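One letter stands for each residue in the lines below.
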Protein chains: 2
Amino acid sequence: MRYELYYHAANQGRGEFIRLPLEDAGADYVDVARETGSGLGAEAMLRFMKDVGIEHPPFAPPFLKAGKLVIGQTANILLYLGPKLGLEPKAEAGRLWAHQLQLTVSDLLQEIQGTHHPVAHGLYYDDQKPEALVYTKHFLAERLPKFLGYFERVLGGAKGGHMLGRSLSYVDFTMFQLLEGLRFSFPRTMRRVEAGYPGLVVLHERIAARPRIAAYLKSPRRIPFNDRGIFRHYPELEEQG
Amino acid sequence: MRYELYYHAANQGRGEFIRLPLEDAGADYVDVARETGSGLGAEAMLRFMKDVGIEHPPFAPPFLKAGKLVIGQTANILLYLGPKLGLEPKAEAGRLWAHQLQLTVSDLLQEIQGTHHPVAHGLYYDDQKPEALVYTKHFLAERLPKFLGYFERVLGGAKGGHMLGRSLSYVDFTMFQLLEGLRFSFPRTMRRVEAGYPGLVVLHERIAARPRIAAYLKSPRRIPFNDRGIFRHYPELEEQG
């Protein structure tokens, strides 16, 4: 089956959490908004979202078309793809646990979004910079250590294997991407605190070294980090105190 | 099976989205932090969260114990409970769709939390009131209509039956609670805009009239809304312009 991924063409954003496991599995997928041709491109995505005939309309990208299914919400897409890509345990307890971790990352991503958009989605960063400074100070001091400490605890430290234990799952790609994004957004902070999360650092290296991921990261399919999307680098946000 | 729900005793919060379907189904459950006795009470919850021996530790309440399973994240708990309580379609497409809607509500709940806590989880509302005023103004003008319009569209207007169509699901209880909370938090706004969402209003009434829900709402088990948790009423937040 050829999967159709719908996400903004201009940034990694939440779409990247879907792309990485698809890439690692060598799955057949098309990144609809980034391609040109009939039924492709950013307009195809917008047209789809405005189509009142869709039975299960997504609230926002990313969403995935898999045959007749249309699935929205990043964690829900991974819940669907997990067993298809062999990136999820078979038992109910393991599936729920993987999904629970993914949802905890979803919460963190929404908080990371707040570092540059604390008061309004619809305003530019420059229009909410004072609030962003206050928000980010608290985020880096209180929230980020709480989340990273939790994930490190789950992983079991540097001797831990994967987020779920012995076997690889989509949550490992999620943790890789989380570290990638945090290093881009908050390089000073991450250099200072990373030694406290040795398991996450090792996991990140191990994922980056997987042949298909290494090839993907070097390819033009990997959109560079930029000043759009969730992960943004505004140096002033971490240069306080 | 007796379910054990772990959530803060002092407010409805996210725990209420689990309580409502449990109540409607007449399920056997204990609200651990609100009971007294051996292994019960708020301390039992804290002790559980600090226990390093837990295989699948939750990041935060609510979490549910079901036999040997420990499940965290509100939407994940409902994903697990759905089929057990008969509040979910059996086919994969329907299950994913119900969960997708629940996750969209999760996103909205995090945005609602932002109306009184825009810059820091760890500060009091009074310490972030100026930011809360700006945030709430944008939230009520731009975000709330987008979410409610989406849910109304999914429901299919006043002639729509349930969120998933013909059959009742946990998403219907979620929409009931969402309207309850919004009416408490933003009464002026909701009075003004509700006519635009006739389907949601009818659905709310229908859920409130279900015998077990009606009995629950009148019982001491239903914690009154207060100034803790997600839904809070600070009149100044909607009295702008």
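Conventions used here
Residues numbered from 1 in each chain as written. Chains lettered and ligands numbered in written order. Predicted model: local features only at pLDDT ≥ 70, side-chain atom pairs only at ≥ 80, totals over all residues. Heavy atoms only, no water. Helix = DSSP H or I, 4+ residues; strand = E, 2+ residues; numbered from the N terminus. Rg over C-alpha atoms; globule rule 2.2 N^0.38 Å. Buried < 20%, exposed > 50% of the residue type's maximum accessible area, 1.4 Å probe, protein only. Contact = heavy atoms within 4.5 Å. Areas by Shrake-Rupley, 256 points an atom, 1.4 Å probe, with all protein chains shown as cover. Pairing = 2+ DSSP bridges. Axes fitted to C-alpha atoms, helices over the stretch in contact; angles between N-to-C directions. Least-squares fit on C-alpha atoms with pLDDT ≥ 70 in both. Core = buried A, V, L, I, M, F, W, Y, C linked by side-chain atoms within 4.5 Å. pLDDT = per-residue confidence, 0-100. 1 Å grid on protein atoms, 1.4 Å probe; cavity = no way out; pocket = protein on both sides within 12 Å on 5 of 7 lines; lining within 4 Å. Points joined across faces, edges and corners; volume = space filled by probe spheres on them. Nonpolar A, V, L, I, M, F, W, Y, C, P; charged D, E, K, R; others polar. Buried area = accessible area lost by both parts, 1.4 Å probe. Salt bridge = Lys/Arg side-chain N within 4 Å of Asp/Glu carboxyl O. Polar contact = N/O pair within 3.5 Å; in protein donor to acceptor, adjacent residues only side chain to side chain. Expected span 1.5 Å × (residues − 1).

1. Things to note about the overall build of chain A
Moving on, step 1. Helix and strand counts for chain A stand at 9 helices and 4 strands.
Moving on, step 2. Moving toward the C terminus, one meets the helices and strands of chain A in the order β-α-β-α-β-β-α-α-α-α-α-α-α.
Moving on, step 3. The globule rule puts the C-alpha radius of gyration for 241 residues at 18 Å, and the 18 Å found for chain A is close to it.
Moving on, step 4. A principal-axis box enclosing the C-alpha atoms of chain A has dimensions of 50 × 45 × 35 Å.
Moving on, step 5. Looking at chain A as a whole, 58% of its 241 residues qualify as buried.
Moving on, step 6. Here the contacts in chain A between residues at least 6 apart in sequence split such that 70% fall between residues at least 24 apart.
Moving on, step 7. Summing over all exposed atoms, chain A offers an accessible surface of approximately 10200 Å²; the carbon and sulfur share of this is 53%.

2. Comments concerning the sheet that holds strand 3 (residues 63-66) of chain B
Residues and elements named next belong to chain B.
Moving on, step 1. Across the sheet, which stays open at both edges, the 4 strands sit in the order 2-1-3-4 with mixed pairing between neighbours. The open sheet terminates on both sides in strands that have one partner only, identified here as strand 2 (29-31) and strand 4 (69-72). Within this sheet the neighbouring strands show an average axis-to-axis angle of 20°, counted without direction.
Moving on, step 2. Across the face of the sheet, helix 1 (residues 16-25) comes into contact with strand 1 (3-6) and strand 2 while running at roughly 145° to strand 2.
Moving on, step 3. Sheet strands touched by helix 3 (residues 74-85): strand 1, strand 3 and strand 4. Its angle to strand 4, the strand with the most contacts, is close to 130°.

3. Some points on the pairing of strand 4 of chain B
All names here are of chain B.
Moving on, step 1. Where burial is concerned, the two faces of strand 4 agree: the one with Leu69 and Ile71 and the one with Val70 and Gly72 are both buried.
Moving on, step 2. Sheet topology places strand 3 next to strand 4; 4 bridges connect them, and they run antiparallel. Opposite Leu64, over in strand 4, you have Ile71 as the bridge partner.
Moving on, step 3. Counting the residues between successive antiparallel strands, the hairpin from strand 3 to strand 4 contains 2 residues, one of them, Gly67, with a positive phi of roughly 60°.

4. Observations concerning the relation of the copies chain A and chain B
Moving on, step 1. When chain A is brought onto chain B, the operation consists of a screw motion whose angular component is 180° and whose axial shift is 0.0 Å, with 0.0 Å RMSD remaining. What we have between these two chains is a two-fold relation.
Moving on, step 2. The residues that chain A uses at the interface reappear at the interface of chain B in 100% of cases, marking a shared surface.

5. Structural notes on the sheet that holds strand 1 (residues 3-6) of chain A
Pairing between the strands of a sheet is mediated by backbone hydrogen bonds and can be parallel or antiparallel.
All names here are of chain A.
Moving on, step 1. Strand order across the open sheet formed by 4 strands is 2-1-3-4, with mixed pairing between neighbours. Edge positions in the sheet fall to strand 2 (29-31) and strand 4 (69-72), since each of these pairs with one other strand and no more. Taking the axes of each pair of neighbouring strands and ignoring which way they run, one obtains an average angle of 20° across the sheet.
Moving on, step 2. Helix 1 (residues 16-24) rests against strand 1 and strand 2 of the sheet, and its axis sits at about 145° to strand 2.
Moving on, step 3. Of the strands in this sheet, strand 1, strand 3 (63-66) and strand 4 are in contact with helix 2 (residues 42-50), which crosses strand 3 at around 85°.

6. Details of the nonpolar core
Moving on, step 1. Membership of the largest hydrophobic core comes to 118 residues, with the highest contact counts inside it found for A:Phe151, A:Leu178, B:Phe151 and B:Met163.
Moving on, step 2. The contacts of B:Met163, once residues within four sequence positions are left out, are B:Trp97, B:Leu101, B:Phe151, B:Val154, B:Leu155, B:Val171, B:Asp172, B:Met175, B:Leu200 and B:Leu203.
Moving on, step 3. A:Val32, A:Ala33, A:Phe48 and A:Met49 belong to the second largest nonpolar core, which has 11 residues in total.

7. Things to note about the environment of A:Leu168
Moving on, step 1. By the secondary structure assignment, A:Leu168 is in the loop between helix 5 (129-155) and helix 6 (170-185).
Moving on, step 2. Judged by its relative accessible area of 18%, A:Leu168 falls in the buried class.

8. Some details on the confidence of the model for chain A
Moving on, step 1. In the predicted model, chain A carries a mean pLDDT of 95, and the fraction of residues at 70 or more is 98%.
Moving on, step 2. Interface confidence in the predicted complex, given as ipTM, is 0.97; pTM for the same model is 0.97.

9. Concerning the environment of B:Asp227
Residue and element names in this part refer to chain B.
Moving on, step 1. The topology assignment puts Asp227 in the segment after helix 9 (211-218).
Moving on, step 2. As a C-alpha pair, Asp227 and Asn11 span 216 residues in sequence and 8.5 Å in three-dimensional space.
Moving on, step 3. Discounting residues that sit within four places of it in the chain, Asp227 has contacts with Arg232 and Tyr234.

10. Some thoughts on the layout of surface pockets
Moving on, step 1. Considering only enclosed or pocket space, the second largest pocket measures out at about 400 Å³ in volume.
Moving on, step 2. Looking at the second largest pocket, it is lined by 21 residues, and the ones nearest its centre are A:Trp97, A:Leu164, A:Gly165, B:Glu55 and B:His56.
Moving on, step 3. Looking at the lining of the second largest pocket, the elements that each hand over two or more residues are helix 4 (92-116) and helix 5 of chain A together with strand 4 of chain B.
Moving on, step 4. In terms of residue class, the lining of the second largest pocket is built from 12 nonpolar, 5 polar and 4 charged.

11. Quick notes on the interface of chain A and chain B
Moving on, step 1. At the interface, 45 residues of chain A touch 45 residues of chain B.
Moving on, step 2. On the chain A side of the interface with chain B, the three residues burying the most area are A:Phe59, A:Gln73 and A:Arg153, jointly 17% of the side's total.
Moving on, step 3. If you look at where chain A meets chain B, you find 2 salt bridges.
Moving on, step 4. The shortest N-O distance in the salt bridge between B:Lys84 and A:Glu92 comes to 2.9 Å.
Moving on, step 5. Linking chain A with chain B are 18 residue pairs in polar contact (both at pLDDT 80 or more).
Moving on, step 6. Among the residues making up the side of chain A that touches chain B, the classes are represented as 23 nonpolar, 11 polar and 11 charged.

12. Let's talk about helix 3 of chain B
An α-helix turns once every 3.6 residues. As a result, residues three or four positions apart point the same way.
Residues and elements named next belong to chain B.
Moving on, step 1. For helix 3, which comprises 12 residues, the first-to-last C-alpha distance of 15 Å matches the rise-based estimate of 16 Å (1.5 Å per residue) to within 8%.
Moving on, step 2. Counted residue by residue, helix 3 has 10 buried out of 12 residues, so it is predominantly covered.
Moving on, step 3. Those residues of helix 3 not exposed but buried are Thr74, Ala75, Asn76, Ile77, Leu78, Leu79, Tyr80, Leu81, Gly82 and Leu85.
Moving on, step 4. One or two steps after helix 3, the chain reaches Gly86, where phi turns positive at roughly 70°.

13. Focus on unusual backbone geometry
Moving on, step 1. Residue A:Pro62 is reached from A:Pro61 by a cis peptide bond, and omega for that bond is 0°.
Moving on, step 2. One can find A:Pro62 in the loop between helix 2 and strand 3.
Moving on, step 3. Of note in the backbone geometry, B:Gln73 takes a positive phi value of approximately 75° without being a glycine.
Moving on, step 4. Relative to the assigned elements, B:Gln73 resides in the loop between strand 4 and helix 3.

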